[in-house]
Every structure is written in structure tokens, then in C-alpha cells.
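Residue strings, one per chain:
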Amino acid sequence: MKKTTIFGIIILLFILIVSLVVKSNYLFSILIIIGLYAIIVQGLGILMGYAGQVSFGHAAFYGLGAYTAAILTTRYHWPTIAALLAAIILPGTIAALIGRQTLKLRELYLALATLGFGILVFIAFNEGREFTGGPSGISSIPFLNIGSFAFDSDRKFFVLVWAVLALLLLGINNLVHSRTGRALRAIRESEYAAENAGIDSASLKLQAFIFSALLAGLAGGLYAFYITFISPAAFSYHASIEFVLMAVVGGLGTFWGPLLGAAVIVALSEILREVVPLLIPGAGGEYQIIIYGIILILLMVYKPEGLSSLGAVFDRSPKRAEQNTNKQ
Amino acid sequence: MKKSIKSWKFIPCLVLLLALSLIVGGCGTNSQTDAAGKEAYKIGAVIDISGNSSSLGVPERDTLKMMEEQLNAKGGINGHPVELEILDNKSTEQEAVTAVKGLIDKGVLAVIGCSSSGPSMAMIPTVQNAKIPMISLAAASSIVEPVSERQWVFKTPQSDIVMVNKIIGYLQSNNLQKVAFMSMNNSYGDGGKKTFAVAAKESNITIVAEEKFAADDKDMTPQLTRVKASGSQAVIVWAIPPSASILTKNFKDMGLTIPLIHSHGVGNQNFIDLAQGAADGVILPIGKLAVADQISADDPQKKVLDNYITDYTKKYNSAPNSFGGYAVDAFNLLVNAIEKAGADRTAIRDQLEKTQGYTGISGIFNMSAQDHNGLKPDSAVMVRIENGKWKLIK
Amino acid sequence: MLRIKNLSVYYGYVHAIKDISLEVKEGELLVILGANGAGKSTLLGTAAGLIKPAAGEILFNNKAVTGQTSEQIVSKGISLIPEKREIFTTLTVLDNLLLGAFHRYRKNKEGLKNDIKEILGIFPALKGRERDLAGSLSGGLQQMLAIGRGLMSRPALLLLDEPSVGLAPLIVQEIMAILVNLKKTGVTIVLVEQNTKSALKVADSVLVMERGGITHRGSPLEITANSSIQEAYLGRARS
Amino acid sequence: MGEQLLQLLFSGLTVGSIYSLMGLSIVSLFNITGILNLAQGEFVVIGALIAVSLCSIGMPMIVVFPVSILLAALLGGLIERLTINRARGASNLNMLIITIGISISLRGLALLIWGTDTYSLPAFTKGGPLFLGGAALNPQSIWIFALAVVNFAGMYLFFEHTYWGKAVKASVNNRTGARLQGINPHTISLLAFVTAGGLGAAAGVSIGPITMVTYDMGFMLGVKGFVAAAIGGLSNVSGAVIGGLFLGILEAFSSGLISSSLKDAISIIILILVLLFRPEGIIGAKRERKI
Amino acid sequence: MILKLNEITKYFGGIAAVEDVEFEVKEGNIVALIGPNGAGKTTLFNIITGALSPNQGSIIYKGKDMIGNKPFQMASAGITRTFQNLQLFGGMTVLENIMAGAYLRGKKGFLQSFYTLPRKCSEEKRIRTEALFLLEEIGLAEMAELPAAALPFGKQRLLEIVRALASEPSLILFDEPAAGLNIVETETLTNYLKHLKKRTSMILIEHDMETIMEAADRIVVLDFGRVIAQGTPAEIQVNPEVIKAYLGEDEQIA
């Protein structure tokens, strides 16, 4: 328990210092986006890194959360906090409905099926004009408020998002070191063996899937209340792939991985936007794209376990020994 | 438990990363001053340079860079040099918001952008809150309407309704009452469809078929097959190349002979080149830029258009298109307003709203507290493509 | 025939083979015994080029093959039958055998048919199953196929890694008999085995490994006579 | 009505052949290297864009075709050596992400060299559409279809009837086993990417006249190729061809007869149904999973 | 009697992998399952643990027919197994392997794990203590914090056995536990299995005849999916059919 407390204090200190020191709304907005993505990637990290199931469709849950929040507040004038709650529950419910069948698929088949689900939901956003506003989206979404207190500035929203993130980080840290966390990892390592230890892998995988959908929905709802305008474009399969990238780049099955992955991918594109023109005068977005791609490749070639493994360099783990033996 | 100890080593990395973004993000608002000692005016632009809408954004960026150079060569605004910072939003809403916040932090007087509707819409709450004037380069009329919720937002392209009315006028004068409407499945096509549906109803034109296609569809024959069977007298298409070009080729290949009317979205040479001859006979409403050589010499826009074409062609070695034209108007409107208002955002906004009789590329702008676009139907003309060239329909 | 000098191999930070030197004489059947993790499989894998040594030298017919890849080594005449068999489960038995001759395929396309006949003569149990997928064979047949495929490369030196694992006693006896026959045709054999009893019956010479080093070498008789080995590897209550 | 259906069929076959070509190259690379190449669409785009440049300097099509294939094949090989080959033993997911990285970089490269403009390529044969039974058929469609057939036949002959084909299959099935027989998986992986590059360019040059070429159209082509491949069973070469044609025809008929806005939804639903109930593909044999 | 198989038959593509298999396991007994490779032994294991469902027949466990249950249901009823090709949770530590094996001995669910209440902490502590005790017993305690994949092969075998024990099953199925072990390790294993009889019943697939002769109470011999003989070790050893199909002349003397 000690360690969890320390982590908690660190993150709280970070939030406190940043919210007091930083004046730039730009920086806040970057941190907010990092926080939102980190929330999604936390869930995805549980699904991929612990339950060993890949999903290329999480932008759908993210979008469902955002649309739920947007539609309930703009059209039905729900209180924002109730709409946020619905934005969490609805994606979870949909995940529960589709999960059991879908999760029977393995690896690439699962990847394709979730990708397909993502595209379907994306089509629904575009076609459900009466509800979603079609490709033109929904505007004038109110700010999130609790009673008379509204999260109407970047600073307030930053504190909210990161506080939520911190709670999740700690919860997930508890989770992965618990009976359930062990069972999830057992499924990833060997599903047969896990089943024979009495672990209902289908049900547990489904729970992980629902959980990750809940988090994506939460992030989506917060996103809608932050940007206050949404359109389908933000929830295409490109976003789904981006989330998987964040999860893998950060490092699967690690504590800091999701946050790090989200931070690096978001910061990388911001930094490239500023740095590339300094290095190559007159360069447009083209170089940023190329460099981004190359950095991604280099990471995967030389740090396939993700960035959080950098810390493990000094740890002389004999685990590597097994790697040379043949993989079939 | 051992694992989490390892991850401790990561905190420094995290801190480092955030520190880096702090430095790079640059919170400083220290302005440069030129030799004369007058402080530079900062203007921001958020453009869709890469991503889906990059074909709009790139000519806009090029035009803006050119305009900035020209202006500073002339001595800037009242002796103040202009510093224009152009950021790429990768055609995404979230990046547009981040970018505009960055610009606001840097103390810009106003922002230009974005190239397409989605990112423009996404930026609106931010500029409204920060009270920064913004001039969008995107078509959708919802960007400036209702004006009561969009006091700080203006836009330069003609609204859909201007173009739709041109088309309706053409249909009525040619006695075409049953039409098919085909649109690209994005906000551009969607906007056109909505506007046209309303206008058609008012003028007793029936839409007998409504078809859609995706921006990256490779063959529109199935949709055209349905159109063919619907017995429509004309086809109206709301799309941009390449899908607009593919559709035009399919249309020709299938031997359809009814009039094919496109939107201003195909108003560039690329559309004609890609359709490889199939574009001949296509009719469309368009800004005057494309037919600058054909409009009469006494047209007030003539000189403005010719100047822009000469300058742009000289600098970039290719003819400008209407997207660049939107950027010209946005830049000039802003410069005019700053000239009168100085470095005061509220005053700039007020001046923008008071714009009267500014002759631009897209037309003559007359803004008001009710109209933040300011263009009238005469800002567009109908053209027919003949032998790969735009021909004004008089 | 095969000479190994001062060989060291690391797996990550694990020193799997520590400064080993040994020689295999032409025409002999050498059996390597040792506990799990003693480095037996690593030794074979290194000799076959699957694992890169950190130090030392491997000479085959007096030519250095150290650090060469397994693709190069197999064409020199060393063939490894790995513990996991590594047969091509989605290919037919026939294709498996044909591919065993990969490195000499271009030189002799027609002769291969005869070679396959010869192999099927050694393993009559495979006859009639040439068109079956190798993955559908039982464990014993898969092991025979793996050896047969190895022989298709016409090796001068055959390295076998625990061919008896998971096999019924009857089949183990069969395979041992085949090895003895092979030796008669002039193939040099190195056999790593846990099934000490069967292996000792066919061995010309025995080597005992422990924690990455060689502790004993001798004839089967000497080894069985050594009481410490007896206790450690052959079991007290048995034989 | 008959004419209309025929028109839809032609449209479906045209688009279907494009999907087949994509599916075919994805499946063959998958079969050889075990890598699902998300950058295959970019190979197509780069190949087509190279052809655009070659055409613009006045080369005749008959030269442009092989030269762009050659250049794209070289690029494929180069990429393999620089990325895939250096990431030996990476997990499937990592490999997938490496190919995403390749795809992003290639897209940026294409944007840098060719810009955002859309280009078109000249058709292989001149002349307008053919009219069969009142329905129009673009002659280029026949070329695309022919290319798909030739590719398929080539793959089939290679894998089923050549010794090298067997060696490649062996290397896919068991890498260590293959190495022990003297088969070098690195060479095979290199050749596979060279082929993927070349096939991509061949596809790009032949579909260019119909689809036009934009720097960013590769991803969508890739996704359609995957759907085609998955409908065909993901590792089945003939399945990819049939899956592609099926997908094309399905799209044409659903947008021509049902609704153009639901076209993509219908094909995705079919994909998901196939994945759930016939993961071995629409033509694959059903097998009981063994443990 | 803890387990009784009746007329178990399983077809793969028209071929019977297992046909009309019948035998029973008495409480606290070790039943050995032997036979040539491909005789259907592992298939039978898969059927008993619920990974495969038979085409016909019944599995009576503690008086109840278990047909149609999934492996995790079988496990919670008390049947667990080890694997011929080890299926350790390689990336987890030795201790975590055992604790995961003891999954059924805990109660905490997904959301409960999220924010821990003190009461739930005690469950975690109890499982950890029990796991350490099991490791102590078999001499793996000092390796508790190593990743399972880093253990030498022989220890991995042992670990898998202990992991199976951690859920306190009443029947364990061992699939070739001695494969790849040397004679000394095999002896240790044999003794350990005999020692386990106090806690659980066992079915054992094994090729090492000495282990079987020493440990098994009864032997069932399979060939081509059918039971060709069953009886005490002494009976089986001299059964001519078994010698012909499986043992060979050599082993008979041993």
C-alpha cells in the first residue's frame, strides 16, 4: 500500500504545481489531451497488456461517449454530470453486448473485427443525422458543471482530467496486483493453463473489454465537454490505431506505460511541429509526418517492449535468456 | 511488486518530457521589434496543411505566406511589421483547438482558419472565450450563424446558399424540374445537400434521387445507375476531386446525356485534368477567380483578381485557385481592420463587422452585425467547361 | 571430425557454456549426458549455428565454422535434429523430406527421388503416408520424419537432441536401432539423451556435462562404473 | 432492370479486381513472412506516383510499367532491410506497428515529393468504354482483372508447384526448422518485400487510370484489401481473389439496389459475420480446432 | 470412487481418436494412462478437463455427470491438470504463478480489486502465505521472485505441478510430468507424486515405465483410441498385448 500512496502523492503534487505555475492555455490543452488519451490507453492497456486482447476499435467507444454526452446535453438538456455518467455507461453496455462473441476471436481476427466495429460506429455517426448531426457534427455543447461550479477554463479542466486520471492510475495499480490482475496476466500467458486454474477466461476478458470501453467512454464524454464541438472525424479508425500505438509505445503491462505513451505521442507531434521548421527551414507538415513515422519504427525495432522498459535496462533480468530459443 | 519499483526510474523521464513540452510550447510573449522600433503585429493562422483537407490548406498557406511578404515589403500596417504564424492542424479538430490556444498564448491579434468546417467549428468556443477575432476559410454557413453566438467569427468563402441559388436559377431558366442530387459523404456534401433541399422546395424543384458516396470511393457507377433509372432531368453533384472527377468520368462512360451540374468544390484545374476530357459540358457556379480573363473589364473585381493571379503565378509557378482566394480576402480584411483599429482585439472585431465595400477575390464584402460573411449572390457566376476551359455562361 | 576449442556461450547474462573443448571422432556415436540446464542443447545448437558463441572455435573437418549461420553450416555437412523436431507441420511428409535436401537441391534434382526411397527404407513406418501433412503424424512418426529430413541433407555429422522425449518405449528402441544402423553407413552421430539407459546401450563414447562444463568423458563402461556419475545421473535404485 | 444489374456487376467486378489485387499482395506477404502489412496500400500509391512522374517526362506506358515496378520493388527491399530485418523476433503486434510506421513515413514521403494534388494515369489502351448488353465497361477494368488473374496464377504456381515455393512455405511454418535445412528466412523475407513492392506498383499503375492517385489513398486501399483477405480466410490466396471480387460486387449491388450510404456498413457487417462464423473464409474448409 | 468414464468416444473428422473408453479412478489413487504416441491419451485428458466435448459417453465425477462443462468449471469442481508442453505463466514470478493457480481460493472480483478495503487485503495476505508455504514444501521458495521462465526446465515442471496443487483440487491430471527430466529428477518426482496421494487423486500419462511401476495403483493401456488392457502394474507388465503394442521386449524385463 505504501507505494500506491507515494505514487498518489507524486501525481497530486504534479497536478498542484502545474495548475499553479503554468499560465499557458496551450500547455493546459496539451496536458488535457494527454490526460484524456491516457485514460483511454489505461483501459486499452488492461485489455492488451493484461488480458492480451487487441482492439482496433476503441475510437468507437470514445466517440460513443462523446456523442452520448453531446446529444443528452444539447438535445435533451440533461444536467452535464448525468450526461457524463451516461457517456460512461452506454459504451460499457455496448461492449458487454458485442464482447462475448467478438472476444472468441484471436489476434489478427480480433483486430479486424474490432476495426470493423469501429468503422460501423463511425458510419453510424455519419448517417444518424437526426441524432448526431451527420458529418457536420454537434456544436454548442455546454461546459461540464457540478451545481453552479463550471469547468469552463483550461486550468479547471486540467485539474479535473488529471485528478480522474490519478484515481484511475491508482485503481489500476491495485487491480493488476490483485487476484483479478494475476488472472488476467495468466490468460495472456497461457489461456489453457488459466482455464485449468479455474479462471473463467471468457468472462474475465469480457470484463476487461467492458472496463476499457467504460474508460474510453469517460474520456469521450470529457472530450465533448472540453472541446464543446464534436464531429465524426475525431472518432475514425485512425484514432483507434493511434490509441493502440500509444499503448504499445508506452509499454504494455506497465504502470507508467499508458501515460507515457499518450504523452510521447501527443508531445511528439507538438514538438515536431515546432522543431522541424527550425531544423529544416521552410519545411511543411510533410517532414513531421516522415519523422513521426521513422521515430515509431525505430521505437518498435529497438524498444519493442515500449518506453517504460527503459527503466529496466539496469535490471539484469535472466528472463531474456529464453528469447533466443525458437519461437514457433 | 518488484516491477513497480523499476518503474520508479521513469518519473525523471516523465518530468523531463513535460519540461521539454514547456520549453518547446514557449510561454513567452516577448515580441520582436523591427529596426524602426515599432512593435510587430502578430497574426495567427491554423490551416489544414496535412491530412484530409490538405488540398485546400496548401494553397492557402502558400497564399498567406505571399501576402505577409508583400505586406511587410510595403512597410507593414501603419509602419508595424506583421508577423504571421501559420500552424498545421492536420485536418483534425483537436489539433486545431490546441494550435489556436498556442497562438492565443503567443498574443496574436486575430486568427485566420481553418480550411475546412469541422476544425473551424471546433475553434469557435475557444476564440469566443478568449475574445479573439477569427476569420474562417471554410464554407459552411453554420460557422458564422447565428451571429449572436458567433460575435468573434467571420468567414470569407461564399456560403452554400449563394451557390445553391445560382444553380436553382440555372435550373429554372432551363426549365429543369426533376433533378438528382449526389453528394460526398462529409460536411461539405452534407451542407450542400441540406441547403439545396430547402431551396429546391421553395422553388418547386423535385429531388427524385438522392445519392451519396465516400470521399475515397473509386467508382460511382452504382449510384449513377440509380440516378439513371430515376428519370431525373439533371444531376447536381456536391463534391470535390478526385471523387468528383471519377464521378464525371463514370457519368460520361455510362453515356448519360442530361446536364451534369457540379458545385464550386470542383473549381480548380485539377478537376478538369483528372476527368481526362469527361469534364467537358459540366456546369457549375464558381467564384470569379477561375474566369477572371472572361469577365468584363469594368467589373470591380477584375483588377484584384488579375493582380492575385499575376503575383501567385509568379511566385509559385502555377495558377491560384479559389481556396487561396479565401485566404487573400481573410488576410486583407484583417489588415484593413487592424489599420483602423490598431492592436486592440475588440476594436478589430468591430472594424471587421463594419467592413463595407471591400472588393476581394470572392466578391464584394459588406459585413454587418447580422452577416459575418457579407457576400451576395453576384459574387458567383455560372460556367460551363468547354475543351478543358472554364467558359462563362452569360 | 568436429573439434570444439574453448567454447563459451551466453544467453543474455547466463553463462550457458563455459570454456568447453571436445572432439568428436569420425564414425563414432557420442552420447552426451547431463542434467537439465547443463548446456547440452546449447552445445548442439551452437555447433549447428543456431546460437552464436561468445568465444572459442568450432572446427569441422579442420575448417573453422565458428559464427557461421546454420544455413551455411548445414551445407558443410552438419545436420541437427532439434529437440522440438521443428518439422514443417503444414507440408506433406514428402515435401518435408524434399526440403531436407535444400542446400544440394540445385546440384541433383533427379537423384532426390532415390534418396527419398532410401530414407523410406530406413523408416518403413513413414511409407504410405508421404502425402499426409506432417502435422497429422503421431509423435513417434514425427520424430522419424525429423531424422529422415535431417538425413536428406547427406550429413557427415548428425546431431540429435533428445530424440526419445515423449516417445513410447517401443519406438525409442526402434530409433536407437536406426541410429546404430546409420553409424554403420559411416555417419558420425552426437546424441544428447535423458533416457540414459537406452543411450548407453548404443554409445561408443560418453560425455557428461554439468553447469555448462564437461565433467567426465569415457567409454560407456567407464561411465557406468563411476560411482559419482552413477548416483547423479543413473539413479541409485535402478539398473 | 437487366441492363442495370449488368452495369452494377461490371462496376462490382472493376472495384472487386482492385480489392483482389490488394488482398492478394497482403495475403501472400502474410503467408510468407507472417506479417500483416498495413503499408501495402502505400506501396501501391508510391508505385503509381512513380509512374506518374515517369509519364510526365514522356516515357511510354510500356516502359513506365516495368520501370515503376522495378523501382517500387527496390523500395520494398530497402524497407525490409532497414526495418523488418532489424526487428527480428518482434511480436505480431510490434510488427504490425512497424508497418504502420512504414505506412506513415511513406505517406509523408509521397506528400513531400508529389504534394497533395491528385494525379491520373493514362489507360493502357485507348478508346472509350465497351458496351455489353447496354451496360458500359471500361477497358481498363479488363486489364485490372487480367492482372489479378495473372498474379493469382503466378502465386499459385509458385507455391504449389515449385521447390522454392515449398521452401518458402516451410520457412513460414517453422523458421528454425527451415534454417536447419539451409533455407535462409532473411533472404525469403527480403524477396517477399521486394515482391510486395513490385506487386503494389503493378497494381498502382493499372488502377491509376480508374481511381486517380492521391498521396493519401493508400490506407483506404489497404483496409479494403484486408477486408477482402479476411473474407477469403486471411491466409488463402484464392480466397483473397474471391473475397476481393465478392466485396466489390457486394458494394456495387448494395449501393445500386439498397442504399449508397449503407454500402460500407453492409460490407463491414459481412466481414464481421465471416470473422465470427467462418473464420476460415467463405471458401475455406471448415476444420475442428485441435488443441 | 472419484471419477468414472463411461463409453467416451471422440471423432476427429470421421476418425475415432478415442473410442468407448471406460475406466475409473478411486479416491487417493494414481491411475497411469499409457500407450503408443497417438493412442489418444492427451485427447482423453482434454475431454476430462472439458477442453473437448466427446461425441458420446459420460464423465461421472463425484457422482455427477460433468459433460458440457468448460475447463474453468471443471477446475472449480476440483479437476485440474498439467501440460505436456509446459504452460507456465512465463512472464510472471514463481510466486505469482502459484497465486494465480490459487485463483479459486479467492473471491475478489474485477471492481473490488480496484480500491482495496482492509478486509480484502487479508485475503491477499492469506493467498500469499499459502503460496509461499507450497513453494517452501517443494524447495522453490528462494526462487519465488524470479520470473517462471527463468527457472531451469526441471524446476519448471515442478512449478507447474505445485501450481495445479494450489487450487486444492481433488483430481489432478499429469501429462508426461517426467518428460525431459533426468533419472534423478524423475525419482524425486515419483516420490513427490506418491506423497501427494494423501491430498488428491491423480491420473498420469507417462512413458517412463519405472515411474509408472513405482507410483501407479492401476494402469490403463490405450491403443488406437481403445482401452486394450487395464489392471495393476504387475498384471500390465506381463500382458502380451501390451508388450506387443507398447512396451517392447526390452522393457518387459525392467
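Please read all numbers here as calculations on a predicted model, not as lab measurements.

**Concerning the sheet that holds strand 1 (residues 2-11) of chain C**
In spatial order, the strands read 2-1-4-5 (chain C); together these four strands make up an open sheet with antiparallel pairing. Here the strands that pair on one side only, and so sit at the sheet edges, are strand 2 (14-24) and strand 5 (63-64) of chain C.

**Considering the packing of helix 12 (residues 257-279) of chain A against helix 4 (residues 93-105) of chain B**
Geometry of a packed helix pair, given as the angle between the helix axes and the separation of the axes. Viewed as axis vectors pointing N to C, helix 12 of chain A and helix 4 of chain B meet at an angle of 55°, and their least axial separation amounts to 12 Å. When the interaxial angle is binned, helix 12 of chain A and helix 4 of chain B end up oblique. When you trace helix 12 of chain A past helix 4 of chain B, the crossing you get is right-handed. Residue-level inspection shows Ser 269, Glu 270 and Arg 273 of chain A of helix 12 of chain A in contact with helix 4 of chain B, the latter providing Glu 95, Thr 98 and Ala 99 of chain B.

**Section: the domain arrangement of chain E**
All names here are of chain E. What the domain assignment reports for chain E is domain 1 (23-41 + 63-78 + 172-200 + 209-254) and domain 2 (88-168). Taking only C-alpha atoms into account, the centre of domain 1 sits 27 Å from that of domain 2. Contacts between domain 1 and domain 2 engage 17 residues on the former and twelve residues on the latter. Across the interface of domain 1 and domain 2, roughly 1,000 Å² is buried in total on both sides, 71% from carbon and sulfur atoms. On the surface where domain 1 and domain 2 come into contact, there are one salt bridge.

**With respect to the pattern of salt bridges**
Residues and elements named next belong to chain E. If you walk through the whole model with that rule in mind, you get 49 salt bridges over all chains. Among the ionic pairs, Asp 175 bridges to Arg 81, the shortest N-O distance being 3.6 Å. Within this pair, whereas Asp 175 is found in strand 7 (residues 171-175), its partner Arg 81 is found in strand 6 (residues 79-81), the two being separated by 94 residues in sequence. Asp 175 sits in the buried class, given a relative accessible area of 1%. Residue classification places Arg 81 among the buried positions, given a relative accessible area of 5%. Ionic pairing is found between Glu 160 and Arg 163, a salt bridge with its closest N-O pair at 3.8 Å. A residue pair is termed a helical-turn pair when its members lie 3 or 4 positions apart in one helix, as Glu 160 and Arg 163 do in helix 5 (residues 153-166) at three residues.

**As for empty space enclosed by the protein**
For the structure shown, the criterion picks out twelve cavities of 30 Å³ or more. Considering only enclosed or pocket space, the largest cavity measures out at about 190 Å³ in volume. Along the wall of the largest cavity there are 17 residues; nearest its centre are Asp 219, Thr 221, Asn 250 and Asp 253 of chain B together with Asn 138 of chain D. Those elements giving two or more residues to the lining of the largest cavity turn out to be helix 9 (243-253) of chain B together with helix 1 (2-33), strand 2 (135-137) and helix 8 (185-211) of chain D. Its residues placed into classes, the lining of the largest cavity shows seven nonpolar, seven polar and three charged. Size it by volume and the second largest cavity reaches roughly 130 Å³. Listing elements by their share of the lining of the second largest cavity, those giving two or more residues are helix 5 (107-127) and helix 11 (237-250) of chain A together with helix 9 (218-231) of chain D. Ranked by residue count, the leading element in the lining of the second largest cavity is helix 5 of chain A, at four residues. Tallied by class, the residues present in the lining of the second largest cavity amount to 13 nonpolar, no polar and no charged.

Calculation rules
- Residues numbered from 1 in each chain as written.
- Chains lettered and ligands numbered in written order.
- Predicted model: local features only at pLDDT ≥ 70, side-chain atom pairs only at ≥ 80, totals over all residues.
- Heavy atoms only, no water.
- Pairing = 2+ DSSP bridges.
- Helix = DSSP H or I, 4+ residues; strand = E, 2+ residues; numbered from the N terminus.
- Axes fitted to C-alpha atoms, helices over the stretch in contact; angles between N-to-C directions.
- Parallel < 35°, antiparallel > 145°, perpendicular 65-115°, else oblique.
- Left-handed = near helix turned anticlockwise from the far one by under 90°.
- Contact = heavy atoms within 4.5 Å.
- Domains from an automatic or database assignment.
- Buried area = accessible area lost by both parts, 1.4 Å probe.
- Salt bridge = Lys/Arg side-chain N within 4 Å of Asp/Glu carboxyl O.
- Buried < 20%, exposed > 50% of the residue type's maximum accessible area, 1.4 Å probe, protein only.
- 1 Å grid on protein atoms, 1.4 Å probe; cavity = no way out; pocket = protein on both sides within 12 Å on 5 of 7 lines; lining within 4 Å.
- Points joined across faces, edges and corners; volume = space filled by probe spheres on them.
- Nonpolar A, V, L, I, M, F, W, Y, C, P; charged D, E, K, R; others polar.

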